[in-house]
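Residues per chain, in single letters:
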Amino acid sequence: MDAVTEFEGERDRLLAVAYRMLGSRPEAEDAVQEAWLRYQAADRAAIEELPAWLTTVTARICLDVLRSARTRREAYVGPWLPEPLVSRLPGPGGLAGFAGDPADRAARTDEVSFALLVVMERLTPEQRVAFVLHDVFAVPFEEIAQILGTTGAAARQLASRARRAVTAEGAPQHRADRAEQRRVLAAFVVAVEAGDLNGLLAVLAPDAVMIGDGGGVVSAARHPVVGAARVARFVAGIFRKAVKEATTILVEPVLINGDLGLLTEATHPDGRAMRFTMAFAVADGRITGIFDQLNPAKLTAVPTPAPERALPR
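The following paragraphs examine the structure supplied in this document. (Residues numbered from 1 in each chain as written. Predicted model: local features only at pLDDT ≥ 70, side-chain atom pairs only at ≥ 80, totals over all residues. Heavy atoms only, no water.)

Quick look at the packing of aromatic side chains now. Applying the stated criterion across every chain yields a total of six aromatic pairs. Note on Y39 and W53: the rings are 5.9 Å apart at their centroids and 55° apart in plane angle, and the pair reads as tilted. A residue pair is termed long-range when its members are at least 10 positions apart, and Y39 in helix α2 (residues 25-41) and W53 in helix α3 (residues 50-74) qualify at 14 residues. Under the relative-accessibility criterion, Y39 is labelled buried at 2%. Plain terms: the ring middles of F114 and F291 are 6.1 Å apart, the flat faces sit at 45° to each other, and that makes the pair tilted. Of this pair, F114 sits in helix α5 (residues 114-119) while F291 sits in strand β7 (residues 286-293), and the two are 177 residues apart along the sequence. As far as the burial class goes, F114 and F291 line up, both buried. (Phe/Tyr/Trp six-rings, centres within 6.5 Å; stacked < 30°, edge-to-face > 60°. Helix = DSSP H or I, 4+ residues; strand = E, 2+ residues; numbered from the N terminus. Buried < 20%, exposed > 50% of the residue type's maximum accessible area, 1.4 Å probe, protein only.)

Structure below.
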């Protein structure tokens, strides 16, 4: 095969690796493009196993991006959230069509939930690379060690520390299958529409957190909202304000990084449309985290809600 054909056969997998490391689709695409340029310049005859070689190159590029991103994100206005990967639900749409399969989540072995991407922001670049490569893509620690310039034992330790960090106290936990997500999100939607604070408190975990990313462009809380009571009041206030000010509001259940979420668009009398996604972390029958992506720059690949697939109001 020629170089283009060989590389294109690996592109989707490399994009999956890069996105899970970086949390940004454009940055992931840039990393994969850089890997292509390096492959073009390499001695192809000396490459024994192309998938492993490309994974190593892409991971090293992502490691450099992660190291430089820390400085950029320190100057970011408000909380930084990943870019959501949004896809429509199968069938006619709506929560009723989202029956879910208890075995479905286990089958999606290379999926990384939006909640986990958020929590991975706590990791060092080296921990994140080791964690994603080993725990998501089953890359051996000896190969990870070569990428990080360390030993296999040190790479194992980095992944272990990452694992502890993403399950530590205070990190929103997400372990619900899609059927449980549907039940919890249906109760959340009913409570929000009714302005029922007690209903919201019943579906929120006591230590629930809500994080919004407006990027300094769209109004959003500058700090995470923590605790069920505060989150319930904040959510109820947002939707009460939207109903009062918007002429139309469309809320479409969608998949966000493989899990059930909400795609919302509120249109104002002057024609302005505000679109945002709500991703959720769900565990033990309650919402542990709500993640609102409102930054227009991170929603360019997100579709507009379809009226025929939106929830009835």
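Now that the structure is up, let's keep going.
For the rest of this paragraph, the subject is the pairing of strand β5 (residues 259-267). In terms of residue burial, β5 counts as a mostly covered element, since eight of its nine residues are buried. Here strand β4 (residues 248-256) pairs with β5 via nine bridges, running antiparallel. In the strand pairing of β5, E252 is matched with L263. The hairpin turn running from β4 into β5, its antiparallel successor, is two residues long, and N257 in that turn takes a positive phi close to 55°. When β5 meets strand β6 (residues 273-283), the two strands line up antiparallel, connected through six bridges. Across the sheet, the residue bridging to L262 is M278, located in β6. Between β5 and β6, which pair antiparallel in sequence order, lie five residues; one of them, G271, sits at a positive phi of approximately 95°. (Pairing = 2+ DSSP bridges.)

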